[in-house]
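Here is how the chains run, residue by residue.
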Amino acid sequence: MPTWVVVVAFTTAALACSGTCATAWRLRSGAPAPALLAIATACMALWSAAVVGQWCAPGAGAREVARWCYFLGVHGSTTALVLFCRALADPAWRPTRRAVTGWCAPGALLLLALATDPLHHLFYRAPVAAHTALAGEPGPLFWVSTAVTYVLCTAALRTVRRARRRACPYFRRQLSSAGLGVVPPALAATASHLLAARLGGLDLTPLGFVLTGLVNVRAISRQGWVRVVPIAREQVLERMPDGIVVVDAAAVVVDANAPAEALARRWRPGPGAGGLDAAGLVGRPAAAVLWPQLVELLVARGELGTTSSPAAGVHVDARASDIVDADGHRLGRVVVLRDVSDLVEQREALAELNARLSEQLAVNEALRERLAEDALRDPLTGVHNRRHLLPALALAVEQAEACGGSVSTAVVDVDRFKAVNDTHGHAAGDEVLVAVARVLADLLRPGDSLVRFGGEEFVAVLPGADAEQARERAEQLRRGCADLVLQLPGEPPGTRLRITVSVGTSTFPADGATGRALLSAADAALYAAKRAGRDLVVAAGAAQLP
């Protein structure tokens, strides 16, 4: 092969690798991948330049130096390439001294053996010749060196392939570019060994690095290599307690972190009957692996949120938004899932507790009202007692005064009640009081009040009744009691007790301006009725009876 062709081709390869090295080094950051890429491409440039040196060196000594640089480029580039693929696959990884020493040790030992080759001739069995890369018949260490480079390239490809399977689409493209960059030099190296006789021992591997350089330049400029590495995916998404699901425009899941898959497995717990297997969510239609409410959110548009329950006892709060490119075209959707089961359970428990507390408070309030009402009622007859009388009468007077109306009172007293107790006993007396109270309560209007004032005496408060109406109402009460005939307990059958009452009435404002004044006036009228012979109604404003 003409020398000028070799010089042009391998000089081009060296320049391409040098350009990639400079770009990677300029864009290096805290992550190790950019620096390792720069080292790998620098060694590739040295490898290509060493081939030119071997073909153009003026003497045996210069060719020996070029040959040593050649192998330095070979082992340096392949070792750095393995470490670069390792860092690209796992951005959390940092090259330790032990790891770097382990990967570099084989190449370093082979370079040491090459430097001492004139003493043992295990690399080459013949002296260095001009215009050839192999420089004579290869020895056993040459083939060991070749095997080491193939092992390193294979390890790099395996690392990329394994990482690519579990990566999201964006970083999958990055890893694909890394794997593709390893292939051309590997194919060129294989062709060099198979066609060694026809090529005169020329190693075509550095020419493969021209394609590697082009792939790397495209990856740096178009895919964000060394500037955008999957640190967010590995260090943020996987460590977030919230689930993250990303779908493309066709509603196919293209990425999902571990918490999202855990929630999906609670929705489809088993490998059978549509359950999730070890492959997880990525690559599968959202409708096939996620619950309906979440699928609706993933295929919708705009910023949306919902809370759903994919399984019994599981409550998930979801917030979704569109992913768009620079031109505003919709690429897919991303949804953030938060397991709020504990919060919902706490809220439900709190709501249940509040309901029970409200119920208990209602019971307590009803009991308090009942107790308050019982405190104002006579336990024998069930009508209000005298504690209720003055407040009720004062309120009726206040309302009548405010509207210019009237209010009347009727004091009812059972005639000869002491004789009933003395003749028939206190039980019979109680029966009489209960019966009288029932009759009076039945004859009163809604809004009227009936109070047992003490002993056998009752007071009726009649709001809105004037003197004439009070007299008529009192007469109704008297006649109702006069019609009452009781069969007393313990008396022979057929024995009847006739009950009569005397009633005194008073009316606001003619007979008094206060409740107490009305009671006094009605009480005086009652005694007038008693003096007049009982079973009578007497109004406070009537003429005094003898």
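The structure presented is a predicted model; accordingly, all values stated were derived computationally and were not measured.

Engineer: Let's hear about the environment of Leu484: which residues, and what values?
Structural biologist: The topology assignment puts Leu484 in the loop between helix H18 (467-482) and strand S10 (485-486). Counting along the chain gives 48 residues from Leu484 to Val436, while the straight-line C-alpha distance between them is 8.1 Å. Those residues in contact with Leu484, other than ones at most four positions away along the chain, are Ala435, Val436, Val439, Leu497, Arg498 and Ile499.

Engineer: Outline a positive patch on the surface, supporting the account with residue identities and numerical values.
Structural biologist: On the surface, Arg158, Arg161, Arg162 and Arg165 cluster together into a patch of positive charge. For Arg158, the location among the structural elements is in helix H6 (residues 140-166).

Engineer: Lay out the pattern of salt bridges in plain terms, naming residues and giving numbers.
Structural biologist: Inspection of the entire model under this criterion finds 14 salt bridges. Note that Arg319 and Asp317 form a salt bridge whose closest N and O atoms lie 3.1 Å from each other. Looking at Arg319, the relative accessible area reads 45%, which means it is partly exposed. Put simply, Arg478 and Asp535 hold a salt bridge, and the shortest N to O gap is 2.9 Å. Separated by 57 residues along the polypeptide, Arg478 in helix H18 and Asp535 in the loop between helix H19 (515-531) and strand S13 (537-539) bring together distant segments of the chain. In this structure Arg478 comes out as buried when scored by relative accessible area, which is 14%. One connected set of salt bridges, linked through shared partners, spans Glu475, Arg478, Arg479 and Asp535.

Engineer: A description of the sheet that holds strand S4 (residues 314-324) should follow, citing residues and the corresponding values.
Structural biologist: Read from one edge of the open sheet, 5 strands run S2-S1-S5-S4-S3, paired in antiparallel fashion. The sheet is open, and its two borders are formed by strand S2 (253-256) and strand S3 (304-311), each paired with just one other strand. Within the sheet, the average angular offset between the axes of one strand and its neighbour, ignoring direction, is 25°. Where S3 lies against S4, 6 bridges are found, and the strand directions are antiparallel. Considered in S4, the bridge of Thr307 is made with Asp317. Across the face of the sheet, helix H13 (residues 292-299) comes into contact with strand S1 (243-248), S3, S4 and strand S5 (330-339) while running at roughly 145° to S5.

Engineer: Would you mind going over the sheet that holds strand S7 (residues 407-414) in detail, with residue names and values included?
Structural biologist: Ordered by their spatial adjacency, 6 strands build an open sheet running S6-S8-S9-S7-S12-S13, and the pairing between neighbours is mixed. Each of the sheet's edge strands pairs with one partner strand only, and the pair in question is strand S6 (384-385) and S13. Inspection of the sheet shows S7 paired to strand S9 (residues 457-463) by 7 bridges, in the antiparallel sense. Across the sheet, residue Thr409 finds its bridge partner in S9, namely Val461. Lying on the sheet, helix H15 (residues 386-403) is in contact with S6, S7, strand S8 (449-454), S9 and strand S12 (501-508); it crosses S8 at an angle near 135°.

Engineer: Describe the nonpolar core, naming the residues involved and giving the relevant values.
Structural biologist: Within the largest apolar cluster, 47 residues are counted, with the highest numbers of intra-cluster contacts made by Val51, Tyr70, Phe71, Phe84, Phe123 and Leu202. At the level of elements, helix H1 (3-26), helix H2 (32-56), helix H3 (60-89), helix H4 (97-115), H6 and helix H7 (169-194) are the ones that each hand at least two residues to this core. Considering each element in turn, this core owes the most residues, 12 residues, to H2. Other than its neighbours up to four places away in sequence, Val51 contacts Val6, Phe10, Tyr70, Leu202 and Pro206.

Engineer: An account of the pairing of S4 is requested, with residue identities and associated values reported.
Structural biologist: Hairpin geometry of S3 and S4 is characterised by an intervening segment of 2 residues between the two adjacent antiparallel strands and by a positive phi of about 80° at Gly313. Bridge analysis of S4 against S5 gives 9 bridges, and the strand direction is antiparallel. Residue pairing across strands places Ser321 opposite Val334, the latter belonging to S5.

Engineer: Now, about helix H16 (residues 417-424): what can you tell me, with residues and values included?
Structural biologist: Buried residues of H16: Phe417, Val420 and Asn421, and no others. Looking down the long axis of H16, one finds its buried residues gathered within 95° of arc, a one-sided arrangement. Across from the buried face of H16, at angles greater than 90 degrees, the exposed residues are Lys418, Asp422 and Thr423.

Engineer: Which residues make up the confidence of the model for the chain, and what are the values?
Structural biologist: Mean pLDDT over the chain: 79, with 82% of residues reaching 70 or higher. Long-range and interchain partners of residues 128-134, a stretch whose pLDDT sits below 50, account for 24 contacts in this model, where long-range means more than four residues apart. For the stretch residues 271-275, pLDDT sits under 50, and the model shows 7 contacts to residues farther than four places along the chain or on other chains.

Engineer: Give me the lowdown on the packing of H1 against H2, citing residues and values where you can.
Structural biologist: Contact geometry of H1 with H2 gives a least axis separation of 8 Å together with a crossing angle of 165°. Here H1 lies roughly antiparallel to H2, going by the angle between them. Of the two elements, H1 crosses H2, and the hand of that crossing is left-handed. Residues belonging to the contact of H1 with H2 are distributed by class as follows: 21 nonpolar, 6 polar and no charged.

Engineer: Tell me about the packing of helix H17 (residues 426-443) against H18, residues and numbers included.
Structural biologist: For the pair H17 and H18, interaxial distance at closest approach is 9 Å and the crossing angle is 140°. As judged from the angle between their axes, H17 and H18 are oblique. Considering the relative orientation of H17 and H18, their crossing is right-handed. From H17, Val436, Val439, Leu440 and Leu443 reach across to H18, where they touch Arg473, Gln476, Leu477, Gly480 and Cys481.

Engineer: An account of the side chain of Ser506 is needed here, citing residue identities and associated values.
Structural biologist: Residue position: Ser506 is located in strand S12. The exposure class of Ser506 is buried, given its relative accessible area of 1%. A polar contact is formed between the side chain of Ser506 and the side chain of Thr409, at a distance of 2.6 Å. Every residue in contact with Ser506, bar those within four places of it in the chain, is listed here: Val407, Ser408, Thr409, Asp511, Leu518, Ala521, Ala522 and Ala540.

Engineer: Report on the side chain of Asp378, specifying residues and quantitative values.
Structural biologist: For Asp378, the position within the fold is in the loop between helix H14 (341-375) and S6. What makes Asp378 buried here is its relative accessible area of 11%. Setting aside residues up to four positions removed in sequence, Asp378 forms contacts with Val383, His384, Asn385 and Arg452.

Engineer: Tell me about the environment of Ala9, and please be specific about residues and values.
Structural biologist: Note on placement: Ala9 falls in helix H1. The class of Ala9 is partly exposed, set by a relative accessible area of 25%. Distance from Ala9 to Pro206, taken between C-alpha atoms, is 9.2 Å for residues 197 residues apart in sequence.

Rules of the game
- Residues numbered from 1 in each chain as written.
- Predicted model: local features only at pLDDT ≥ 70, side-chain atom pairs only at ≥ 80, totals over all residues.
- Heavy atoms only, no water.
- Helix = DSSP H or I, 4+ residues; strand = E, 2+ residues; numbered from the N terminus.
- Contact = heavy atoms within 4.5 Å.
- Patch = residues over 30% accessible without salt bridge, like charges linked within 9 Å, V, L, I, M, F, W, Y side chains within 5 Å.
- Areas by Shrake-Rupley, 256 points an atom, 1.4 Å probe, with all protein chains shown as cover.
- Salt bridge = Lys/Arg side-chain N within 4 Å of Asp/Glu carboxyl O.
- Lys, Arg positive; Asp, Glu negative; His and termini not counted.
- Charge placed at Lys NZ, Arg CZ, Asp CG, Glu CD.
- Buried < 20%, exposed > 50% of the residue type's maximum accessible area, 1.4 Å probe, protein only.
- Pairing = 2+ DSSP bridges.
- Axes fitted to C-alpha atoms, helices over the stretch in contact; angles between N-to-C directions.
- Core = buried A, V, L, I, M, F, W, Y, C linked by side-chain atoms within 4.5 Å.
- Arc of directions from axis to C-beta.
- pLDDT = per-residue confidence, 0-100.
- Parallel < 35°, antiparallel > 145°, perpendicular 65-115°, else oblique.
- Left-handed = near helix turned anticlockwise from the far one by under 90°.
- Nonpolar A, V, L, I, M, F, W, Y, C, P; charged D, E, K, R; others polar.
- Polar contact = N/O pair within 3.5 Å; in protein donor to acceptor, adjacent residues only side chain to side chain.

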